[in-house]
Amino acid sequence: MQVQGLLLLLALILLAATAEAGKNKKEKAKKDGSECEDWRWGPCVPNSKDCGLGYREGTCKDESKKLKCKIPCNWKKKFGADCKYKFESWGGCSAQTGVKTRSGILKKALYNAQCEEIVYVTKPCSSKIKQKSKAKKGKGKD
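Residues numbered from 1 in each chain as written. Predicted model: local features only at pLDDT ≥ 70, side-chain atom pairs only at ≥ 80, totals over all residues. Heavy atoms only, no water.

## What to know about the nonpolar core
Phe-79, Cys-83, Tyr-85, Cys-115, Val-119 and Val-121 form the largest nonpolar core, which has 6 residues in total. Mapped onto this core, the elements with two or more residues apiece are strand 5 (83-87) and strand 7 (118-124). With residues up to four places along the chain from it excluded, the contact list for Phe-79 reads Tyr-85, Phe-87, Val-119 and Val-121. (Core = buried A, V, L, I, M, F, W, Y, C linked by side-chain atoms within 4.5 Å. Buried < 20%, exposed > 50% of the residue type's maximum accessible area, 1.4 Å probe, protein only. Helix = DSSP H or I, 4+ residues; strand = E, 2+ residues; numbered from the N terminus. Contact = heavy atoms within 4.5 Å.)

## Quick notes on the sheet that holds strand 5
An order of 5-6-7 is seen for the 3 strands of this open sheet, with the pairing classed as antiparallel. Both edges of this open sheet fall to strand 5 and strand 7, since each of them pairs with a single strand only. On average, each strand axis in the sheet is tilted by 40° relative to the strand beside it, whichever way the strands run. (Pairing = 2+ DSSP bridges. Axes fitted to C-alpha atoms, helices over the stretch in contact; angles between N-to-C directions.)

## Regarding a positive patch on the surface
A cluster of basic side chains, namely Lys-84, Lys-86, Lys-107 and Lys-108, defines a positive patch on the protein surface. Counting only elements with at least two residues in the positive patch, the list comes to strand 5 and strand 6 (99-109). Take Lys-86: it is sitting in strand 5. Take Lys-86: its relative accessible area is 58%, and that puts it in the exposed class. (Patch = residues over 30% accessible without salt bridge, like charges linked within 9 Å, V, L, I, M, F, W, Y side chains within 5 Å. Areas by Shrake-Rupley, 256 points an atom, 1.4 Å probe, with all protein chains shown as cover. Salt bridge = Lys/Arg side-chain N within 4 Å of Asp/Glu carboxyl O. Lys, Arg positive; Asp, Glu negative; His and termini not counted. Charge placed at Lys NZ, Arg CZ, Asp CG, Glu CD.)

## What about the pattern of salt bridges?
Summed over the entire model, instances satisfying the criterion amount to 2 salt bridges. A salt bridge links Arg-40 to Asp-38, with the nearest nitrogen and oxygen atoms 3.5 Å apart. Between Arg-56 and Asp-82 there is a salt bridge, and its shortest N-O distance comes to 2.9 Å. Of the two residues, Arg-56 sits in strand 3 (residues 52-60) while Asp-82 sits in the loop between strand 4 (63-71) and strand 5, which places them 26 residues apart along the sequence. A residue is classified by how much of its surface remains accessible, and Arg-56, at 4% relative accessible area, is buried. The buried category is assigned to Asp-82, whose relative accessible area is 10%.

## Quick look at the packing of aromatic side chains
By the definition in use, this model includes 3 aromatic pairs. Between Trp-39 and Trp-41 the ring centres are 5.6 Å apart and the planes differ by 20°, which places this aromatic pair in the stacked class. Trp-41 carries the same exposure label as Trp-39, and that label is buried. Where Tyr-85 meets Phe-87, the ring centres are 6.2 Å apart and the plane angle is 55°; that geometry is what we call tilted. For Tyr-85, a relative accessible area of 12% corresponds to the buried category. We classify Phe-87 as partly exposed; its relative accessible area is 26%. (Phe/Tyr/Trp six-rings, centres within 6.5 Å; stacked < 30°, edge-to-face > 60°.)

## Looking at the side chain of Asp-82
Of note is the side chain of Asp-82, whose polar atom sits 2.9 Å from the side chain of Arg-56. The residues touching Asp-82, leaving out its near neighbours within four places in the chain, are Pro-43, Cys-44, Arg-56, Lys-108, Ala-109, Leu-110, Ala-113 and Cys-115. (Polar contact = N/O pair within 3.5 Å; in protein donor to acceptor, adjacent residues only side chain to side chain.)

## What about the state of the cysteines?
In the structure shown here, the tally under the stated rule is 5 disulfides. In this model, Cys-83 is linked to Cys-115 through a disulfide, with the two sulfur atoms separated by 1.9 Å. Classification of the bridge connecting Cys-83 and Cys-115 rests on its S-S torsion, roughly -85°, and on that basis the disulfide is left-handed. One end of the pair, Cys-83, is in strand 5; the other, Cys-115, is in the loop between strand 6 and strand 7, and 32 residues separate them in sequence. (Disulfide = S-S within 2.5 Å.)

Here is the structure:
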């Protein structure tokens, strides 16, 4: 009988401890969080150079926050790191200009970024013509 009482007491203590832990998480979220729902976020500003770790500032009514962010070092600076595009295949090489062109349609704008709906990119035509690689002779056959 004493063992059952001890187990019941242990179960009540565990239940009380988990309830208190859940309450602390909610209170912490209220302290760190905000009631405001209409946040306006600025661009990600790198700590040094033009890519890597940085921060973005947000404002909502009288409140302001800073969030950590990261700008990939291979991002297209022209579009901004917060604008994500779906690109079509590269077009043919223009003999007049010597460049290929393709367009991208806006897929996602992160943090309410101001993004163009359609963007165009170019790259120089390659001077080399890629050839299909041929199987090496003498490998695998005796």
